[in-house]
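# Commentary on secondary and tertiary structure
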Amino acid sequence: MRRGEPAVARLLAENELDSILARVAERNALWVPAGDGEQSAFALYRPGLALRQEAGPTRRTAKEIFFPRTEILFTYGEDDGPPRLEAPPAEVLPAVVYGLRPCDARALTMLDPVFEDPGYPDGLWGGRRRGATLVGVGCTRPSRACFCTSVGGDPAGEEGLDVLVVPIPGHYLARAVTDRGEEWLQALDLPRAGPDHEAAAVRAAAAGAGLAVVDTEGLPAKLERMFGHAVWEQLHERCLGCAACTYLCPTCHCFDIVDEGGSRLRNWDSCMFPLFTLHASGHNPRLSGKERMRQRIMHKFSYYPQRQGRPACVGCGRCVEVCPVNLDLRSVLAQLKGVEA
Amino acid sequence: MSQTWEPKIVAFLCHWCSYAGADLAGISRLQYPANVRVIRVPCSGAVNPFYLLKALQRGADGVLVSGCHPGDCHYLAGNMVARRKFALLKKLLEHVGLEPDRVQFSWVSAAEGQKFADVIREVTESVRALGPARHLQKARRALCR
Amino acid sequence: MPVTDALRETAAQLLAEGTVQVVLGWERGTLPLRTTPLPARTVEEAGRLVADATCDNNLTLYLTRLKEERVGLVARPCEARALVEYLREHRVTPGRVLAIGVPCTGMLSRRALEARLGGRLPEAGRLDGDQVVGTAGGAEERIALAEVLEPACRGCRLPDAAVYARVLGHPCPPAGDRHTLLQRSDNLAADARYAEFVEAAARCLRCYACRQACPLCYCAECFTDRSAPAWVGPSDDLSDTMLFHLTRAMHLAGRCVDCGACVRACPVGVDLSHLNLALGREAAQRFGYRPGLDPADRPLVATFRPDDPEEFIR
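Residues numbered from 1 in each chain as written. Chains lettered and ligands numbered in written order. Predicted model: local features only at pLDDT ≥ 70, side-chain atom pairs only at ≥ 80, totals over all residues. Heavy atoms only, no water.

## Overview of the environment of V71(C)
Residues and elements named next belong to chain C. Mapped onto the fold, V71 is located in strand 4 (residues 71-75). Sequence separation of V71 and A302 is 231 residues, and the distance between their C-alpha atoms is 29 Å. Those residues within four positions of V71 in sequence are excluded, and the remaining contacts are V20, V22, L24, L63, L66, R96, V97 and L98. (Helix = DSSP H or I, 4+ residues; strand = E, 2+ residues; numbered from the N terminus. Contact = heavy atoms within 4.5 Å.)

The following block contains the structure:
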């Protein structure tokens, strides 16, 4: 799609969504948000599956579709005959992800430079990403912990999406963001939206505003000078050292590689675990919760911005909701911003 | 179930009593099923419940722990402490629907070669009746998500 | 005097006179109806302490992380029972902790409240006497606290009174038999119980929030973190996840004080506290043992009686 040319808005009737998704699922691996509350996650579509319609993002993130908690890198063995090495088969059907929030899509674009570094491209991530069509649903009712606008996001943002869908009374207004999205929409053969619908969509998108404000201005540069700051001592004191925040973070992407029974597996790992940095010698450079929590904050708000020019946080608020001790990232950032560097 | 399936049973035998009981069974030329794989341990009290779970995960169809009779423990009370742990483990397995009969316990002294042979026969038959263990077994990873 | 006022006064006094160097308590959190742990070290900080039905972390686990030599511990029955276990297991020296008993009306269950608010998280909320006032989707609802209590609170037990150094008001609600909660699973067939266990294991992300939030899961190195060789594989394999939860339950047999912190900590709603409960019931019925009540009791699986039942042994 050429820049500057507004895409044609199309209309998708609410009561036809299920039959349209069923059609899409015939030719694609279709992922949709399902389940309620803390059990919500992206699941492969099947007829009759109730789509999640709550405020804010799903509890589990869309990164799992492209970077699963466990995946096989390759298998090996010598059962009969010479040693063999087998790569996992490529996915057969191209993926379509329907219903991810703009923050989720934006998070994927933050992971791309990590996994698709030209020097070390990750075939598994890249293979899944390149084949996938992302159809996002604008956030008209953000959750109480959302703060996307404070980290450069937008409840109706298009970044990373192929199609953006905005819910309006009785309908969804769909607009392509990329050529791939335009093709995808054309194949569905939907009617064009009228000016009333477009106006309703503008109103709906505006309803997503009014989020919590976290001031991160100048924080990356400031954090560079704060590695040895005394504030970390206080900040980590309540942290339990679990991985709830990292495993449910859409931009956390650390992993560990292990061999198990002839398979080399890649599993999620977390900088909050002592084992994460434990050397074979027994030495651990991040000995306490202080160093581990500092790493998590620094990675997101200092190291990543130094490389990629923006923080590795989309303000989805998941870490705020899931922290067992309500150690709120928003307050942590405010505290870091407030102290003398 | 395949015709050729035979239950695999891992037996943790205490060095001082049950292992010697197994020896006596052998010396006395007593017959018992060959389904048992013996692991000698210093004391039944040294058997971590995790070992039993791990054995089931890695392909055992049943597990047996055998130690000295109460009062005869070489370490005075290892077997009686073990008794508490194993009662709890059995209850836990039952609670989560995990076939508690796959873990079995016995007291066999060094003088009880015949009892050892009988225990192995009984345990083998009771595990055979349950069929191959699947509930806790680690799956070989299929090459797909 | 409301308990929070009494607590602030007592904590400020203890800190001012130097009886303790820190008071472990809670302060208001950033989300509606949430609190967060607060180690109060100054009189000013003591003024932020709160004690009410929204205090849902077990504070006892922080005792060994604090460097101070004399610690005040704001203790509901949950903290006090965990403290009993700490004393029994020589995790803290008896003189180091000064337990301040606070009355507890039972904890608000965030999940039960969410369900009562039509599956929505409250945007705002407060406690009003024995009622919870929650606003979700713009509509305010008033719900009796008794209807949205944590399940664990229904089986609350008070430890030996000697554990407390101070008591601010009557410390505990009368409670029933928590083991009745097992009736549902008791009535299921073994296959159905197994299916539920598998479903929970499949949902578990192995983030270890349950373990980290547990005051009694305090091993310096957890068996799941042994990597050479790996006792439990770290992948999403179901059997490994089941082994983790079974072994964790075994390690807590006769030690779990049934505070429910593990359940509240889980980010994806897995509740396997019934494993601990089943073992707790077995400890009570078979061995007449209840953890968390008397520091003088011998630990359940470090001791025996010659006549312990052994009907399951050949």
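## Observations concerning the domain arrangement of chain C
Residues and elements named next belong to chain C. Domain annotation for chain C reports domain 1 (3-109 + 149-313) and domain 2 (110-148). Here the C-alpha centre of domain 2 lies 25 Å away from the C-alpha centre of domain 1. Contacts between the two partners involve 19 residues from domain 1, matched on the other side by 15 residues from domain 2. Interface area, domain 1 with domain 2, both sides summed: about 1,300 Å², of which 56% is carbon and sulfur. At the junction of domain 1 with domain 2, the criterion picks out one salt bridge. The closest approach of N and O atoms between R110 and D56, which form a salt bridge, is 2.9 Å. For the side of domain 1 that touches domain 2, the per-class residue count stands at eight nonpolar, five polar and six charged. (Domains from an automatic or database assignment. Buried area = accessible area lost by both parts, 1.4 Å probe. Salt bridge = Lys/Arg side-chain N within 4 Å of Asp/Glu carboxyl O. Nonpolar A, V, L, I, M, F, W, Y, C, P; charged D, E, K, R; others polar.)

## Re the pairing of strand 2 (residues 35-40) of chain C
Residue and element names in this part refer to chain C. For strand 2, the buried fraction is high: six of the six residues fall into the buried class. Of the two faces of strand 2, the one carrying T35, P37 and P39 and the one carrying T36, L38 and A40 are both buried. Sheet topology places strand 1 (residues 22-28) next to strand 2; six bridges connect them, and they run antiparallel. Among the inter-strand pairings, R28 is bridged to a residue of strand 2, identified as T35. Turn length for the strand 1-strand 2 hairpin, with the two strands adjacent in sequence and antiparallel, is six residues, and the turn residue L33 shows positive phi of about 60°. (Buried < 20%, exposed > 50% of the residue type's maximum accessible area, 1.4 Å probe, protein only. Pairing = 2+ DSSP bridges.)

## Some points on the sheet that holds strand 9 (residues 171-176) of chain A
Pairing between sheet strands relies on hydrogen bonds along the backbone, with the strands arranged either parallel or antiparallel. All names here are of chain A. Taken in spatial order, the seven strands line up as 1-9-8-7-6-2-3 in an open sheet, and their pairing is mixed. Each having just a single partner strand, strand 1 (9-13) and strand 3 (41-44) make up the two edges of the open sheet. For this sheet the average axis-to-axis angle between neighbouring strands, irrespective of direction, equals 25°. Across six bridges, the pairing between strand 8 (residues 163-168) and strand 9 is antiparallel. Note on strand 9: the bridge partner recorded for L164 is R175. Along the sheet, helix 5 (residues 179-188) contacts strand 1, strand 6 (95-100), strand 7 (133-137), strand 8 and strand 9; its crossing angle with strand 9, the most-contacted strand, is approximately 135°. (Axes fitted to C-alpha atoms, helices over the stretch in contact; angles between N-to-C directions.)

## So, the pattern of salt bridges
A complete count under the given rule lists 49 salt bridges over all chains for this structure. The shortest N-O distance in the salt bridge between R330(A) and D328(A) comes to 2.8 Å. Accessibility classification places R330(A) together with D328(A) in one group, the buried group. Here D186(C) ties to R281(C) by a salt bridge, and the two come within 2.7 Å at their closest N and O atoms. Here the residue D186(C) occupies a position in helix 5 (residues 183-186), and R281(C) occupies one in helix 10 (residues 273-287), the gap between them amounting to 95 residues. The buried category is assigned to R281(C), whose relative accessible area is 16%. If you follow the salt bridges from partner to partner, you end up with E71(A), D122(A), R128(A) and R266(A) in one network.

## Examining the state of the cysteines
All names here are of chain B. By the definition in use, this model includes one disulfide over all chains. Two residues, C17 and C68, share a disulfide whose sulfurs are 2.4 Å apart. Looking along the S-S bond of the C17-C68 disulfide, the torsion reads about 100°, which is the right-handed sense. A residue pair is termed long-range when its members are at least 10 positions apart, and C17 in the loop between strand 1 (9-14) and helix 1 (18-27) and C68 in the loop between strand 3 (62-67) and helix 3 (78-95) qualify at 51 residues. Like C17, the residue C68 is buried in the burial classification. (Disulfide = S-S within 2.5 Å.)

## A look at the interface of chain B and chain C
Contacts between chain B and chain C engage 42 residues on the former and 43 residues on the latter. Summing both sides of the interface, chain B and chain C together bury roughly 3,800 Å²; the carbon and sulfur share of this comes to 64%. The largest share of the area that chain B buries against chain C comes from R84(B), L88(B) and H95(B), three residues that together contribute 22% of it. There are four salt bridges connecting chain B and chain C. When the shortest N-O distance is used, the salt bridge between E122(B) and R314(C) registers 2.7 Å.

## A closer look at the packing of helix 6 (residues 190-203) of chain C against helix 8 (residues 238-251) of chain C
All names here are of chain C. Remark: helix 6 packs on helix 8, axes separated minimally by 9 Å, with the N-to-C direction vectors making an angle of 100°. If you check the angle between helix 6 and helix 8, you find them roughly perpendicular. Packed against helix 6, whose contacting residues are Y194, F197, V198, A201 and A202, the element helix 8 presents L238, T241, M242, H245 and L246 at the interface. Class assignment for the residues of the contact of helix 6 with helix 8 results in eight nonpolar, two polar and no charged. (Parallel < 35°, antiparallel > 145°, perpendicular 65-115°, else oblique.)

## Some words on the sheet that holds strand 10 (residues 255-260) of chain A
Residue and element names in this part refer to chain A. Across the sheet, which stays open at both edges, the four strands sit in the order 5-4-11-10 with antiparallel pairing between neighbours. The strands lining the two open edges of the sheet, one partner per strand, are strand 5 (84-86) and strand 10. Sheet twist, expressed as the mean angle between neighbouring strand axes with direction ignored, is 20°. Relative to strand 5, strand 4 (residues 70-77) runs antiparallel, the two sharing three bridges.

## Quick notes on the side chain of H236(A)
Examined against the element boundaries, H236(A) turns out to sit in the loop between helix 8 (231-235) and helix 9 (244-247). Among the residues examined, H236(A) registers a relative accessible area of 14% and is labelled buried. The contact partners of H236(A), leaving out residues within four places of it in the chain, are G289(A), K290(A), M293(A) and R65(C).

## Brief notes about unusual backbone geometry
Each neighbour pair has its own omega, and for A228(C) with P229(C) the value is 0°, a cis peptide bond. Phi angles above zero are rare outside glycine, and D189(A) is one such case at about 60°. Inspection of the secondary structure puts D189(A) in the loop between helix 5 and helix 6 (195-206). Residue D189(A) is classed as exposed on the basis of its relative accessible area, which comes to 67%. Although it is not a glycine, E99(B) sits at a positive phi angle of roughly 50°. Structurally, E99(B) is set in the loop between helix 3 and strand 4 (103-107). Judged by its relative accessible area of 22%, E99(B) is partly exposed.

## A few points about the confidence of the model for chain C
Looking at chain C, the pLDDT average stands at 93 and 98% of residues meet or exceed 70. As a predicted assembly, this complex carries a pTM of 0.95 together with an ipTM value of 0.94. (pLDDT = per-residue confidence, 0-100.)

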